[in-house]
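Below, each chain spelled out in residue letters.
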Amino acid sequence: LAGVAARARGVAVSVRHLARDVLGAALLLAVVVPAAAQSPVLHDIQVVPPSFDPSAGESVAISFRSERPGQAIVRLFGPDWHQVRELEADDVEPGRPATVRWNGLDDEGNPVPAEAYFPYVDFVDGQGEAHVLDASLSPRSRSVRLDDLRFDAETREVRYTLAEPARVTLHAGIEDGGPLMVTLLADAPRLGGRHGEPWDGRDAAGVVDVASQPRFRLFADGVGLWRPSIVVRGGGSYSSYRSSSPV
């Protein structure tokens, strides 16, 4: 009986610990979830221009509007939610656009690579209340079609048109179950409009003239970018940048 009683006490303690953990998680969610939701106090976030080349001395203006006075930090994130830069916007006034400029450098003063980055606004109003405007919570297209997709043998380019900004993956290969011979783009950010991607028509090894094969075909897929996004041109690869940057 003593053993049964001890086991019963152990079960009771475990239940109390479980209840405490569940309550703690509920309190945590109660605090975190509202803070991450979009605030009606902040709106109309814009980036001008939507694409720029920092190596050419260009920059981008990021603006938003607030219904209340306060102060803000505009954070810029890469596609994996790695923060690359934060910019302060002091003395935000209601009804007037608050604007910060980004020169394409990260918080360590290094140029960021070619990629799409999205803004996230942390705002504290005059009463000390916190608000968030998160571009990654805006609607985006799950699928964006590449129209007029073709290989131009004269200019040695793959041409296509996007109805909106998207991440584009582009392969060349053989249709009807044949192999993919080369990847031309892999999840690369592109603005809406007409594009031409350079390609010599050959496979990844540079041996097979894929474009001249009887059953040659281009395979493409697009996924909409978060709105707004800033597409940085020039620079190295994002994966190399992340491998050398702090987690």
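Our subject is the structure listed above.
Conventions we followed
Residues numbered from 1 in each chain as written. Predicted model: local features only at pLDDT ≥ 70, side-chain atom pairs only at ≥ 80, totals over all residues. Heavy atoms only, no water. 1 Å grid on protein atoms, 1.4 Å probe; cavity = no way out; pocket = protein on both sides within 12 Å on 5 of 7 lines; lining within 4 Å. Points joined across faces, edges and corners; volume = space filled by probe spheres on them. Helix = DSSP H or I, 4+ residues; strand = E, 2+ residues; numbered from the N terminus. Nonpolar A, V, L, I, M, F, W, Y, C, P; charged D, E, K, R; others polar. Pairing = 2+ DSSP bridges. Axes fitted to C-alpha atoms, helices over the stretch in contact; angles between N-to-C directions.

Colleague: Could you clarify how one ought to interpret the layout of surface pockets in this entry?
Modeller: If a probe as big as a water molecule is rolled over the atoms, it shows which places are left empty. Within this model, the largest pocket holds a volume of roughly 240 Å³. Forming the walls of the largest pocket are 15 residues, and the residues nearest its centre are Ala114, Pro189, Arg190, Val231 and Val232. Looking at the lining of the largest pocket, the elements that each hand over two or more residues are β12 (180–190) and β15 (230–232). Among the elements that take part in the lining of the largest pocket, β12 stands out by supplying five residues, more than any other. Broken down by class, the residue content of the lining of the largest pocket amounts to seven nonpolar, three polar and five charged.

Colleague: Explain the sheet that holds strand β10 (residues 157–162) here, please?
Modeller: Within a sheet, neighbouring strands are paired by backbone hydrogen bonds and run either parallel or antiparallel to one another. Reading across from one edge, β9-β10-β13 is the order of the three strands in this open sheet, with antiparallel pairing throughout. Each edge of the open sheet is held by one strand with a lone partner, namely β9 (146–152) and β13 (193–198). Averaged over all pairs of adjacent strands, the angle between strand axes in this sheet comes to 15°, irrespective of strand direction.

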